[in-house]
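# Observations on the model geometry
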Protein chains: 2
Amino acid sequence: MNILIIGAAGMIGRKLSCALAEAGRLGGRPIRRMTLADIVVPERPDFDGEIEAMAIDLSSADAAASLVASRPDVIFHLAAIVSGEAEADFEKGYRVNLDGTRSLFEAVRLAGAKRSYTPRIVFTSSIVVFGEPLPPVISDTHCLTPLTSYGTQKAIGELLLADYSRKGFFDGIGIRLPTISIRPGKPNKAASGFFSSILREPLIGEEAILPVSETVRHWFASPRAATRFLLHAATLDTGSLGQLRTLTMPGLSATVGDQIEALRRVAGDAATKLIRREPDEMIAAIIAGWPQSFDARRAEALGFRGETSFEEIIRVHIEDELENRVREHA
Amino acid sequence: MNILIIGAAGMIGRKLSCALAEAGRLGGRPIRRMTLADIVVPERPDFDGEIEAMAIDLSSADAAASLVASRPDVIFHLAAIVSGEAEADFEKGYRVNLDGTRSLFEAVRLAGAKRSYTPRIVFTSSIVVFGEPLPPVISDTHCLTPLTSYGTQKAIGELLLADYSRKGFFDGIGIRLPTISIRPGKPNKAASGFFSSILREPLIGEEAILPVSETVRHWFASPRAATRFLLHAATLDTGSLGQLRTLTMPGLSATVGDQIEALRRVAGDAATKLIRREPDEMIAAIIAGWPQSFDARRAEALGFRGETSFEEIIRVHIEDELENRVREHA
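No experiment lies behind these values; they were computed from the predicted model shown.

## What to know about the overall build of chain A
- In terms of helices and strands, chain A carries 11 helices and 16 strands.
- Principal-axis analysis of the C-alpha atoms gives chain A an extent of 65 × 45 × 40 Å.
- Taking all 330 residues of chain A together, 56% fall into the buried category.
- For chain A, the exposed surface amounts to about 13700 Å²; the carbon and sulfur share of it is 50%.

Rendered as structure tokens:
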């Protein structure tokens, strides 16, 4: 098997590359070759087969054609300018998130016009394709009314994926990832950052800031679940998807209060005391427009599995990022 | 007022140009200048002000920039490769319907970057943005799952229209037109052609073929109503649209049997006897996937008015296309 990962230097891309390299197989077939591409050279995990890591801008001329020249069997397309940057730089967002995605799809179509070629393409979309009106629980057949350019670009990607798949140019599947928690690494300035940092920092004995009320509800999955979703999407039978080629992944609907309670159960009061309340009206206003819960029964019926409690999400983080140890507090 | 109509040579484009030229005003303001553009030179209606008619390919380089150079106050964007052709010629459909629309939006954005410019853009979308699953009555918040490349391109146009409007690059409104009946002119090979021809031909004493059952239900408006929708969309207050910038226009949900009964009431048995049943399974299968009825209350609340009976639709045709005369039958 020949596998291409575009966006392999990102957090999920790295975890996916490692998982594939470690397994050495996908869907029961041995992996012969992996190509890891991103705007910067991705890290190369230990791998027995052929592995190439390269820096490439998907939106530049011929980039997509050169990436599909080796005719990968599975293409993971994770590359994107993130929400905040796509909102601040309109042209860059459209160039990378729309034109980049379309060039990839076009490169595959044109390769297939020369000689039969129908790879699986796994496209990561996002729950921000849903904007207003937002019901308390959002189904896969809810309308796409994104409130950001990033959400618009992802929604367009979903539509293109469905049309190219319907025409038989490739076998596409889109997955809408929940908000990832606990994101490993340092605190960042994203509005959603606190959903991870209020757990991640206390687990290593550091203080974290909570800018919103404990009643705020949102939709979560761990990085490990996100990796699992991608692997499953790469091999499942797409025959039953019909024209709805993109699925909302199973997540956990939880409040900030639920997160804190789970932290208390796993790491005690010493940990929860490190969360400092510092209300920030701007962040609260942004979060107020975000979805709270989804009906992901369609994805579940197809075998996608998320987490069922925030304790599970915290334990995943402790196992995968903290070498199974929670720091002792004073 | 300076008005630009792109797609002015089409049936609706011609009626819109004539209506504007005749009124000489739009939303209470006098029209100083009209530009009529299409892939062929559009007919030029009698008009007291400045009028220009030109052949231009919207998807060619600089076409859009040259069209907006005079900074029209209102832009009607009706141009599109139709459904059958967009399905048969994938590249042409995307080039005109997606890239052409995007170039127009980009040209307006870039003109506004130089000097403040926020025109009203009226974009014609279509009910074929809705595919499967299709409930019996489809609301404005139903998901976009087009089953054709044309429908995909229109759905993407809707998303771009909403995002550019949200960013303040222009003041966009999209309208999803019902199937137009009675289309003037000659019978054509479109699968939907019989919805017009079974009325249009008998009204001039000619035979028409009905390829489907009388129980087939669909969603209709007259060409006069379509023109009225465009004029209203050009002037209404878009403040209440929110992110749902595209509206399904009010139509009449009617069966083929309803159409025939209305023809009988208007033109008698002599007319309905000219309808010859010739079942065509291929056409029946295509039509089976089409929507039957919509909830257009949102558009109605904003002042859009369709027809309420098929007799009204037939009388509109007799007034507008047959100089108010129905041919006498033997």
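Text resumes after the structure shown.
## Digging into helix H6 (residues 194-203) of chain B
Residues and elements named next belong to chain B.
- Most of H6 sits out of view: 10 of its 10 residues are buried.
- Here H6 has its buried residues at Phe194, Phe195, Ser196, Ser197, Ile198, Leu199, Arg200, Glu201, Pro202 and Leu203.
- Gly205, located one to two residues past H6, shows a positive phi value of around 80°.

## Observations regarding helix H4 (residues 90-114) of chain A
- Look at H4(A): 35 Å from first C-alpha to last across 25 residues, which is about the 36 Å you get at 1.5 Å a residue.
- The largest bend along H4(A) measures about 30° and falls at Asp99(A).

## Here's the deal with the interface of chain B and chain A
- Taken together, the contacts link 34 residues of chain B with 34 residues of chain A.
- Of the roughly 2900 Å² buried at the junction of chain B and chain A (both faces included), carbon and sulfur atoms supply 58%.
- Among the residues chain B hides against chain A, the three largest losses belong to Phe90(B), Arg102(B) and Leu159(B). Together they make up 21% of the total.
- Between Arg166(B) and Glu87(A) there is a salt bridge; the shortest N-O distance is 2.8 Å.
- At the junction of chain B with chain A, the criterion picks out 20 residue pairs in polar contact (both at pLDDT 80 or more).
- Contributions of two or more residues to the side of chain B that touches chain A are made by helix H4 (90-114) and helix H5 (149-166) of chain B.
- Taken together, the residues of the side of chain B that touches chain A sort by class into 16 nonpolar, 8 polar and 10 charged.

## Topic: the relation of the copies chain B and chain A
- In the superposition of chain B on chain A (RMSD 0.0 Å, axial shift 0.0 Å), the rotation amounts to 180°. With respect to symmetry, the two chain copies, as superposed, fit the operation of a two-fold axis. Across chain B, the rotation axis passes nearest the C-alpha of Cys143(B), at a separation of 1.9 Å.
- The residues that chain B uses at the interface reappear at the interface of chain A in 100% of cases, marking a shared surface.

## Here we look at the UniProt feature "domain: NAD-dependent epimerase/dehydratase" (unreviewed entry) in chain A
- In the numbering adopted here, UniProt assigns the feature "domain: NAD-dependent epimerase/dehydratase" (unreviewed entry) to residues 3-206 of chain A.
- Along residues 3-206 of chain A, the helical share is 38% and the strand share 21%, with 39 Å between the first and last C-alpha atoms.

## Remarks on the nonpolar core
- Grouped together as the largest cluster of nonpolar side chains are 76 residues, with contacts concentrated most on Ile75(A) and Ile75(B).
- Excluding residues within four positions of it along the chain, Ile75(A) makes contact with Leu4(A), Ile6(A), Val68(A), Leu104(A), Val108(A), Tyr117(A), Pro119(A), Arg120(A), Ile121(A) and Val122(A).

## Some words on the packing of helix H1 (residues 11-23) of chain A against helix H7 (residues 223-235) of chain A
Residue and element names in this part refer to chain A.
- Where H1 meets H7, the closest approach of the two axes is 9 Å, and the angle between their N-to-C directions is 60°. Judged by the sense of rotation from one axis to the other, the crossing of H1 with H7 is right-handed. Residues Met11, Ile12, Lys15, Leu16, Ala19 and Leu20 of H1 pack against Pro223, Ala226, Thr227, Leu230 and Leu231 of H7.
- Classifying every residue of the contact of H1 with H7 by side-chain character gives 9 nonpolar, 1 polar and 1 charged.

## Digging into the pattern of salt bridges
Residues and elements named next belong to chain B.
- A complete count under the given rule lists 53 salt bridges over all chains for this structure.
- One salt bridge in this structure joins Arg277 and Glu214, with 2.0 Å as the shortest N-O distance. One end of the pair, Arg277, is in strand S15 (residues 275-277); the other, Glu214, is in the loop between strand S11 (208-210) and strand S12 (217-221), and 63 residues separate them in sequence.
- The class for Arg277 is partly exposed, based on a relative accessible area of 43%.
- The closest approach of N and O atoms between Arg315 and Glu311, which form a salt bridge, is 3.8 Å. Of this pair, Arg315 and Glu311 are both found in helix H11 (residues 310-321), 4 residues apart, which corresponds to roughly one turn of the helix.
- A network of salt bridges, in which partner residues are shared, links Glu261, Arg264, Arg265, Asp269, Glu311 and Arg315.

## Observations regarding the sheet that holds strand S1 (residues 2-6) of chain A
Residues and elements named next belong to chain A.
- What the 7 strands build is an open sheet, ordered S5-S4-S1-S6-S7-S9-S13; its pairing is parallel. Only two strands of the sheet have a single neighbouring strand rather than two, namely strand S5 (50-55) and strand S13 (246-248). Within the sheet, the average angular offset between the axes of one strand and its neighbour, ignoring direction, is 15°.
- Here strand S7 (residues 120-126) pairs with strand S9 (residues 171-177) via 7 bridges, running parallel. Residue pairing across strands places Val122 opposite Ile173, the latter belonging to S9.
- Sitting on the sheet, helix H5 (residues 149-166) touches S7, S9 and S13, and the angle it makes with S7 is about 155°.
- Relative to S7, H7 is tilted by about 145°, and along the sheet it contacts strand S6 (74-77), S7 and S9.

Reading the values: rules and limits
- Residues numbered from 1 in each chain as written.
- Chains lettered and ligands numbered in written order.
- Predicted model: local features only at pLDDT ≥ 70, side-chain atom pairs only at ≥ 80, totals over all residues.
- Heavy atoms only, no water.
- Helix = DSSP H or I, 4+ residues; strand = E, 2+ residues; numbered from the N terminus.
- Buried < 20%, exposed > 50% of the residue type's maximum accessible area, 1.4 Å probe, protein only.
- Areas by Shrake-Rupley, 256 points an atom, 1.4 Å probe, with all protein chains shown as cover.
- Expected span 1.5 Å × (residues − 1).
- Bend = angle between axes of the 7 residues up to and from the residue.
- Contact = heavy atoms within 4.5 Å.
- Buried area = accessible area lost by both parts, 1.4 Å probe.
- Salt bridge = Lys/Arg side-chain N within 4 Å of Asp/Glu carboxyl O.
- Polar contact = N/O pair within 3.5 Å; in protein donor to acceptor, adjacent residues only side chain to side chain.
- Nonpolar A, V, L, I, M, F, W, Y, C, P; charged D, E, K, R; others polar.
- Least-squares fit on C-alpha atoms with pLDDT ≥ 70 in both.
- UniProt positions renumbered as here; feature names shortened; annotations may be inferred.
- Core = buried A, V, L, I, M, F, W, Y, C linked by side-chain atoms within 4.5 Å.
- Axes fitted to C-alpha atoms, helices over the stretch in contact; angles between N-to-C directions.
- Left-handed = near helix turned anticlockwise from the far one by under 90°.
- Pairing = 2+ DSSP bridges.

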